[in-house]
Each structure stands twice: as C-alpha cells, then as structure tokens.
Amino acid sequence: MSEALSFAPEVGPGEILPFAAQRYPNKIALIVGDRQFTYTELDLMSRRIAAALQRRGIGLGDIVSLYGQNSWEWIVGYHGALRAGAAVNPVNVMLTEPELAYVLNDCESAAVFAGSAQTATVAAVLADVPSVKLFSEFGENLRENSATPFHKLLLEELQEEQATVPRRPADLCAIAYTSGTTGHPKGAMQSHRAILLNCALTATMHGRTRDDIVVTALPAAHVYGNVAINSTFLAGGTVVLMERFDAAAALKLIAAERATMFEGVPAMYSMILADDALAGADLTSLRMTTVGGQTFSVDTLRKWQRRSGVPMIELWGMTELAGLGTTHTPYAPAVPGSIGVALPGVDIRIVALDGSDRETAVGEAGELLVRGPLVMLGYFGNDAATAEVVRADGWMRTGDVAYVDDTGHYFVVDRIKDMIVTAGYNVYPAEIERVIASHPDVAMVAVGRRPDDVRGEIAVAYVVPNSGARPSESDILDHCRDGLAAYKRPRAVVFVDQLPTTASGKIMRRKLGELAEKN
C-alpha cells in the first residue's frame with residue numbers, strides 16, 4: 001500500500017476499502033440484516049472477488065454489471081470489480097428482460113453479479129449477450145442454473161500478492177444508465193476522479209466522521225445510494241443497509257442501531273410521516289437526515305424536522321455528476337426549499353430558457369448548468385447525445401429549471417421536460433405538489449399532465465390520502481386557491497392508493513396517466 005494512502009485515496013473509489021481498512025481495521029463498516037462486517041473483512045472479500053475476476057481474464061478495459069437488491073454481496077462485488085481494474089455498471093433492479101439485454105449489450109458487459117431474485121431475468125437474456133464471461137449469483141435462495149454462486153468465488157485461493165492494476169483519475173470507473181423517458185437509456189460514463197471526489201466532498205459538507213451510523217434504503221445502484229454508502233466508508237463510519245425501504249422497519253433500525261443519520265428521497269419521508277409506527281419511534285440518536293432525488297415540499301420538511309428534532313439536509317445531484325452537485329451543511333443557517341450551495345470545485349450558473357445563454361438575475365428562473373471535475377466523460381457510444389448535453393466550453397446542461405437567491409443558495413423549480421403548458425402559461429408540477437402536500441389529509445401527491453382541447457394541457461393532481469382521511473376533490477382544489485395563481489391550479493384530482501416510483505423511490509410522473517385509466 002502506498003504511503004499516500006495513509007492520508008486519503010488518490011485515484012478512485014476502488015481504494016476506499018483498503019484506505020478504511022488501514023485506518024479502522026476492526027471497526028464495523030456494514031450491517032445488513034443480522035450480518036455485520038468490519039472494514040478488514042470487506043477489504044479481504046473485495047480482494048478475493050478481484051482475484052476471482054482476474055483469474056477469469058476480467059480486468060482492465062472490462063465492464064462488470066451489478067443487478068440486484070441492496071446486499072453485502074453487491075457492495076463487495078462493486079469494490080472487487082474496481083480493484084480488478086474493471087469498470088462497474090450498476091443496473092436498476094427494476095429493468096425488464098429487454099431493457100437488461102440492451103444495457104448489457106450496449107456496454108459489452110464481461111461479468112454480471114445478480115441477486116437471486118434477478119437471476120432468472122439474467123439467465124433469460126444471456127444467450128443474446130455474447131460478451132459475458134462470468135455470471136455469478138448472490139443471495140440466500142440460490143437457484144439451480146448456470147450461475148456461479150458468489151460465495152464460491154469468495155472461497156477461491158487468494159494469491160498473496162495480487163497484481164496492481166494501474167489507473168488514472170480520469171479513467172473510466174462506471175457506466176450508469178439513465179432512466180430515460182423515451183428511447184433507450186444512455187450510459188453516463190463516470191471517471192474515478194468524479195466518483196471519489198463526490199464521496200469525499202459529500203463527507204466533508206455533511207461533516208461525516210467515524211462515529212456516524214447511517215441507515216439507508218437508497219439503492220446501491222443509484223448514484224445517491226452509492227455516495228451515501230461510500231462517503232460513509234471514506235469517513236470510517238458504519239452503514240446500516242436496508243434491502244428495500246419500509247417505513248416501520250427504517251424507524252426500528254434507527255432506534256436499534258442508534259443511527260446518527262438517515263438518508264432518503266421525498267417519498268420515503270412522506271411514507272414515514274404517514275406511518276403509525278412514527279408515534280412511538282425513538283429518533284433521539286439522529287444528528288441529521290438528508291433528502292434528494294426530487295423537489296421536496298417545505299411543509300413536509302418542516303413536519304419531519306419538528307418530529308425528528310434534527311436538520312434536514314436537502315441536496316441535488318445527477319447520474320451525469322456521479323452523485324451530488326449541491327448540498328447544505330448542518331452547521332450553516334437553514335434555507336428551507338433550497339438544494340444548497342455548489343460542492344467545492346463545482347461551478348454552477350443559470351441561463352435563460354430562451355436559448356440566448358444570458359445568465360439570469362437573482363430570483364429569475366432558468367436552466368441550471370454545471371461545470372467541473374464531477375461532470376461525466378460523456379454518454380457511452382453516443383457522441384450525438386453527449387454533444388446535446390455537454391457543451392464545448394465544458395458546461396453541462398442539466399434540464400432542471402432553477403434560480404439562485406442573493407445568498408448563493410439554489411432552488412430547483414422543476415424539470416424542463418415535466419413543465420405543463422396550459423393556455424400559453426408555463427406550469428411546474430413541483431410547485432403545485434408543494435402546495436397540495438401542505439393539506440392535512442394528504443400523505444403523498446404527484447402532478448401530471450392531461451391533453452385538453454381548450455388549454456392544450458391541464459394539470460392533474462394524483463393524491464394518496466392519509467390513513468383514515470377522506471378528502472374530496474373540492475377540498476384539494478379549494479386548498480390550492482390561496483397558494484396558487486388561477487392558471488397554476490390543477491383542473492382535476494385523482495385519489496389513488498399509491499404512486500408509481502422508481503427503484504430509488506422517485507415518483508415517475510410519466511406513469512401517472514396510467515393511474516387515471518385505472519380510477
């Protein structure tokens with residue numbers, strides 16, 4: 001191990017576990033269910049997986065895909081692949097067979113680590129993915145198939161001196177595919193520098209230390225989940241990883257593990273606030289919580305802060321940035337509704353939506369642009385798509401409408417693609433959602449569009465009521481009168497039991513129309 005690693009990793013996230021094992025060898029790094037692992041154990045297991053991959057000719061220049069629910073094997077596979085010199089391809093666990101086949105073929109994956117619940121999907125597409133050399137299955141309920149059990153890879157002989165694979169900070173580290181609303185998803189190429197810096201800067205801004213115990217159900221395959229996990233490892237803290245989110249279970253873990261942090265998306269906090277278990281939950285160990293992924297109602301934020309008694313750190317990021325781009329720090333004055341300030345070394349500007357490239361004034365909405373070392377290398381094999389997003393001057397278009405206040409704090413209004421044009425006016429769903437979320441009978445809300453012969457499009461609110469509550473459409477519409485201009489108000493309300501979400505818990509607005517058809 002190089003002398004420099006006694007201070008911090010130099011190249012990328014593949015060095016995080018060796019670094020942490022050197023500094024905190026017997027510290028509990030990871031808790032998953034009834035199992036716990038020290039940094040030394042994670043370090044050794046990731047070395048074994050790296051050796052197993054190299055033994056099969058998988059390493060520098062290859063892609064290793066990970067397709068499964070949160071698990072300790074997922075974490076070990078991720079770090080093992082990077083230590084072997086390969087780049088990783090975290091795959092959304094919700095992908096169907098055709099979607100998975102496209103991703104594996106597009107990045108020419110050489111190996112796939114899959115959870116037991118996903119192996120049937122992988123097995124069904126392998127015949128059409130000739131690049132895969134190794135298919136390994138992890139989990140408790142292993143099935144009879146052609147996959148090599150992950151635990152057997154860990155039992156293979158480990159050479160005393162494992163070959164060191166040379167890497168540079170600007171080299172490819174990960175290909176993370178966007179969810180994409182039309183056509184095929186695009187593979188955002190993230191460098192070693194971008195991922196490591198994102199983890200390091202997030203740890204710094206959040207004041208993470210070896211004393212932190214972080215409960216998270218964010219998918220490890222998502223950039224937010226990846227940073228939540230690896231920034232904690234970098235600081236020497238403990239990650240309590242949930243396989244999937246459940247409100248009551250999350251509250252129980254916070255109390256049982258004496259968690260200092262909980263990290264989630266807006267929908268998770270809405271579900272926790274609506275859960276009966278919250279009344280008796282012990283949250284006294286928390287020092288802060290974080291929320292990102294989508295715009296968050298200030299009213300919901302304040303409800304959570306009153307109940308938890310700790311700061312709620314709002315943040316913003318993108319797959320194309322390998323994680324966060326902005327955040328708050330728990331020691332600065334709170335600015336509710338803001339996504340915070342830029343991470344150190346990250347440049348942000350907001351330009352007019354008219355295409356003029358004019359920088360907007362304070363308080364004026366425009367498109368948020370980002371420049372700096374976190375910006376992706378480009379979309380894998382798609383120069384045209386890259387050119388549409390990353391400009392020649394290095395600024396990356398985010399597709400988010402935002403504004404900045406006079407203190408340098410940024411506020412996201414909504415996604416440009418989600419904007420509803422009604423009778424010539426621009427209406428942002430997130431603005432309507434923030435108002436409706438403040439209604440006492442509303443647990444969750446999402447706003448979508450509906451074609452209209454007169455106005456072109458109208459806004460429709462999809463509402464999940466609180467347990468035992470029975471609000472009417474007129475209740476919701478009347479509630480909007482005081483908080484929204486007439487042209488911004490929804491023209492219809494649809495009551496539903498749940499909202500469509502991604503694997504990371506973000507609400508999928510493009511699926512809302514399907515709910516209307518069912519109701």
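Everything below is about the structure printed above this text.
## Overview of the overall build of the protein
Within the protein, the secondary structure is distributed over 15 helices and 26 strands. Overall size of the protein, expressed as C-alpha extent along the three principal axes, is 70 × 55 × 50 Å. For the protein, with 519 residues in total, the buried portion stands at 56%. Contacts spanning at least 24 positions in sequence make up 64% of the contacts within the protein whose residues lie at least 6 apart.

## Regarding the side chain of S270
Note on placement: S270 falls in helix α10 (residues 266-274). Apart from the residues within four sequence positions on either side, S270 is in contact with T300, A443 and M444.

## Points about the pairing of strand β8 (residues 172-177)
Regular strands place their side chains on alternate faces of the sheet. The element β8 is extensively covered by neighbouring structure, given that five of its six residues are classed as buried. As defined by bridge partners, β8 adjoins strand β9 (residues 187-191) across five bridges and the pair is classed as antiparallel. Bridge pairing links A176 to A188 in β9.

## With respect to the side chain of K27
Following the sequence through the fold, K27 ends up in the loop between α1 (16-23) and β1 (28-32). Although K27 is buried, it forms no salt bridge, and the closest oppositely charged side chain is D211 at an N-O distance of 5.9 Å. Here the side chain of K27 touches R210 through a polar contact of 2.4 Å, landing on its backbone oxygen.

## Some words on the packing of α10 against helix α11 (residues 298-308)
The description of two packed helices rests on the angle between their axes and on the distance between the axes. One can describe the packing of α10 onto α11 by two numbers: an axis separation of 10 Å at closest approach and a directional angle of 55°. Of the possible angle classes, the one that applies to α10 and α11 is oblique. Here α10 and α11 pass one another in a crossing that is left-handed. Where α10 abuts α11, its residues Y269, S270, I272 and L273 lie against T300, K303 and W304. Partitioning the contact of α10 with α11 into residue classes produces four nonpolar, two polar and one charged.

## Focus: the environment of G355
Along the polypeptide, G355 turns up in the loop between β17 (347-351) and β18 (366-371). Classification of G355 by relative accessible area gives exposed; the value is 68%. As for G355 and E367, which are separated by twelve residues in sequence, their C-alpha atoms are 9.5 Å apart.

## Let's talk about the nonpolar core
Within the largest apolar cluster, 107 residues are counted, with the highest numbers of intra-cluster contacts made by L30, L42, L53, W72, F113 and F233. Sequence-distant contacts of W72, defined by excluding residues within four places in its chain, comprise L30, V32, R35, F37, M45, F150 and L154. Listed in part, the 21 residues of the second largest apolar core include V91, L100, V122 and Y177.

## Quick notes on the sheet that holds β18
Across the sheet, which stays open at both edges, the four strands sit in the order β17-β18-β20-β21 with antiparallel pairing between neighbours. Both outer strands of the open sheet, β17 and β21 (410-415), are each paired with one neighbouring strand and no more. On average, adjacent strands in this sheet sit at an angle of 45° to one another, irrespective of strand direction.

## What about the sheet that holds strand β15 (residues 323-327)?
Here nine strands make up an open sheet; going across it, the order is β2-β1-β11-β10-β12-β13-β14-β15-β16 and the pairing mixed. Strands at the two margins of the open sheet, each flanked by one partner only, are β2 (35-38) and β16 (341-342). Here β1 pairs with β2 via four bridges, running antiparallel. Residue pairing across strands places I31 opposite Q36, the latter belonging to β2. Its contacts with the sheet put α10 on β12 (261-264), β13 (288-291) and β14 (312-318), and the angle it makes with β12 is roughly 115°.

## Some remarks on the pattern of salt bridges
Going through the model one piece at a time under the given rule, you end up with 19 salt bridges. Across the salt bridge formed by D357 and R349, the nearest N and O atoms sit 3.6 Å from each other. For R349, a relative accessible area of 13% gives the class buried. Here K488 makes a salt bridge to E431, at a shortest N to O gap of 2.7 Å. Separated by 57 residues along the polypeptide, K488 in the loop between α14 (473-481) and β26 (492-495) and E431 in helix α13 (residues 429-436) bring together distant segments of the chain. A relative accessible area of 24% means that E431 is categorised as partly exposed.

## Some points on the pairing of strand β5 (residues 111-115)
Here β5 lies mainly inside the structure; five of its five residues are buried. Every second residue of β5 is oriented toward a common face, with A111, F113 and G115 on one face and V112 and A114 on the other, all of them buried. Where strand β3 (residues 63-67) and β5 come together, four bridges link them in parallel fashion. Note that in β5 the partner of Y67 across the bridge is A114. Of the strand pairs in this sheet, β5 and strand β6 (residues 134-138) are connected by five bridges, and their pairing is parallel.

## As for the environment of G68
Here G68 lies in the loop between β3 and α3 (72-83). For G68, a relative accessible area of 8% corresponds to the buried category. Excluding residues that lie within four positions of it along the chain, G68 makes contacts with W74, V93, G115, Q118 and F138.

## Some points on unusual backbone geometry
Positioned with a positive phi, E108 is a non-glycine residue whose angle comes to about 55°. Within the secondary structure, E108 is located in the loop between α4 (97-106) and β5. Residue class for E108 comes out exposed when judged on its relative accessible area of 56%. Even without glycine at this site, R258 takes up a positive phi of about 55°. Along the polypeptide, R258 turns up in the loop between α9 (247-256) and β12.

## Observations concerning the packing of helix α7 (residues 192-206) against helix α8 (residues 223-235)
It is at 8 Å that the axes of α7 and α8 come closest, and there the two elements cross at 70°. When the axis of α7 is compared with that of α8, the two are roughly perpendicular. Within the contact between the two elements, α7 uses I195, N198, C199, A200, T202 and A203 and α8 uses N226, V227, N230, S231 and L234. Of the residues that constitute the contact of α7 with α8, the class distribution is six nonpolar, five polar and no charged.

Parameters and conventions
Residues numbered from 1 in each chain as written. Predicted model: local features only at pLDDT ≥ 70, side-chain atom pairs only at ≥ 80, totals over all residues. Heavy atoms only, no water. Helix = DSSP H or I, 4+ residues; strand = E, 2+ residues; numbered from the N terminus. Buried < 20%, exposed > 50% of the residue type's maximum accessible area, 1.4 Å probe, protein only. Contact = heavy atoms within 4.5 Å. Pairing = 2+ DSSP bridges. Lys, Arg positive; Asp, Glu negative; His and termini not counted. Salt bridge = Lys/Arg side-chain N within 4 Å of Asp/Glu carboxyl O. Polar contact = N/O pair within 3.5 Å; in protein donor to acceptor, adjacent residues only side chain to side chain. Axes fitted to C-alpha atoms, helices over the stretch in contact; angles between N-to-C directions. Parallel < 35°, antiparallel > 145°, perpendicular 65-115°, else oblique. Left-handed = near helix turned anticlockwise from the far one by under 90°. Nonpolar A, V, L, I, M, F, W, Y, C, P; charged D, E, K, R; others polar. Core = buried A, V, L, I, M, F, W, Y, C linked by side-chain atoms within 4.5 Å.

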